[in-house]
Amino acid sequence: MNLLISIILGMLPEVLFYTYFWIIIKNIKEKKKTFFLLMCIIYFLLIMVRRYEFLYYFIFNLLTYIVLKKLYKEDTNFLDFFIFFIPYGYLLIINILCYTLIENYYIAFVTNRLLMLALFIFKRKFFDIYENLKKLWNRKTNNSKWIKSISLRVITICLMSMFIIISSKICLYIANMKGG
């Protein structure tokens, strides 16, 4: 019974969050159900094997990129590998805020899920930002902004590395707090 509740209230909303994030950002019109199903399989398998560790984030990101590449070949580029850390970072921030500032676990959990959905108020902005990043990322289509392209790539890689280090430290801190 606990596993079923964990799947319905814990894992499924997060998979929906990640799937919907990609549907919005890439303006996906087709194969949405297949994409969601593959995201569920990847997420559930990885969460059972590697729960919130560095390797989990990296493998989940890599497998999501591969799924995007297989389903949406021409619409997927290398920038997508780095963009995936935006929803990770958002979830990390709201998790920290909810579970440290709100003492009651159930209220913190409901607040967390509501804040998770709040991100999609700005869905049109995300699509526009992604399109601008894609133009700046690819220096072949935008020869006049070659320096911006390199700068954006360096900044993106630094931000991704910072996220991985910070989230790993937080996971270690939480594991040490629980005596694990």
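In the block above lies the structure referred to throughout.
Quick caveat, the model's predicted, so the values are computed rather than measured.

J.: Which residues make up the packing of helix α1 (residues 2–25) against helix α5 (residues 85–101), and what values go with them?
T.: Describing two packed helices takes the angle between their axes plus the distance from one axis to the other. Running from N to C, α1 and α5 cross one another at 140°; their axes reach a closest spacing of 10 Å. Taken together, the axis directions place α1 and α5 in an arrangement best described as oblique. Classified by chirality, the crossing of α5 by α1 is right-handed. Residues F17, Y18 and F21 of α1 form the contact with α5, whose own contacting residues are I86, P87, Y88, Y90 and L91. Taken together, the residues of the contact of α1 with α5 sort by class into eight nonpolar, no polar and no charged.

J.: Explain a nonpolar patch on the surface to me, and be specific about the residues and the numbers.
T.: On the surface, a cluster of nonpolar side chains totalling about 360 Å² of accessible area is made up of L4, I5, I8 and L9. Mapped onto the elements, L4 comes out in helix α1.

J.: Residue-level account of helix α6 (residues 105–118), with values.
T.: Spanning 14 residues, α6 covers 20 Å between terminal C-alpha atoms, matching the ideal 20 Å at 1.5 Å per step. The set of residues buried in α6 consists of A108, F109, N112, R113 and M116. Considered in projection along α6, the buried side chains sweep an arc of 135° and stay on one side of the axis. The exposed residues of α6 that point more than 90 degrees off its buried face are Y106, L114 and L117. In this structure, the buried residues of α6 make contact with α1 and α5.

J.: Kindly report on the nonpolar core, identifying the contributing residues and their values.
T.: One finds F17, Y18, W22, F35, Y43, F60 and Y88 to be the most contacted residues of the largest nonpolar core, which totals 43 residues. Top element by residues in this core is α1. It accounts for nine residues.

The rules behind the values
Residues numbered from 1 in each chain as written. Predicted model: local features only at pLDDT ≥ 70, side-chain atom pairs only at ≥ 80, totals over all residues. Heavy atoms only, no water. Axes fitted to C-alpha atoms, helices over the stretch in contact; angles between N-to-C directions. Helix = DSSP H or I, 4+ residues; strand = E, 2+ residues; numbered from the N terminus. Parallel < 35°, antiparallel > 145°, perpendicular 65-115°, else oblique. Left-handed = near helix turned anticlockwise from the far one by under 90°. Contact = heavy atoms within 4.5 Å. Nonpolar A, V, L, I, M, F, W, Y, C, P; charged D, E, K, R; others polar. Patch = residues over 30% accessible without salt bridge, like charges linked within 9 Å, V, L, I, M, F, W, Y side chains within 5 Å. Areas by Shrake-Rupley, 256 points an atom, 1.4 Å probe, with all protein chains shown as cover. Salt bridge = Lys/Arg side-chain N within 4 Å of Asp/Glu carboxyl O. Expected span 1.5 Å × (residues − 1). Buried < 20%, exposed > 50% of the residue type's maximum accessible area, 1.4 Å probe, protein only. Arc of directions from axis to C-beta. Core = buried A, V, L, I, M, F, W, Y, C linked by side-chain atoms within 4.5 Å.

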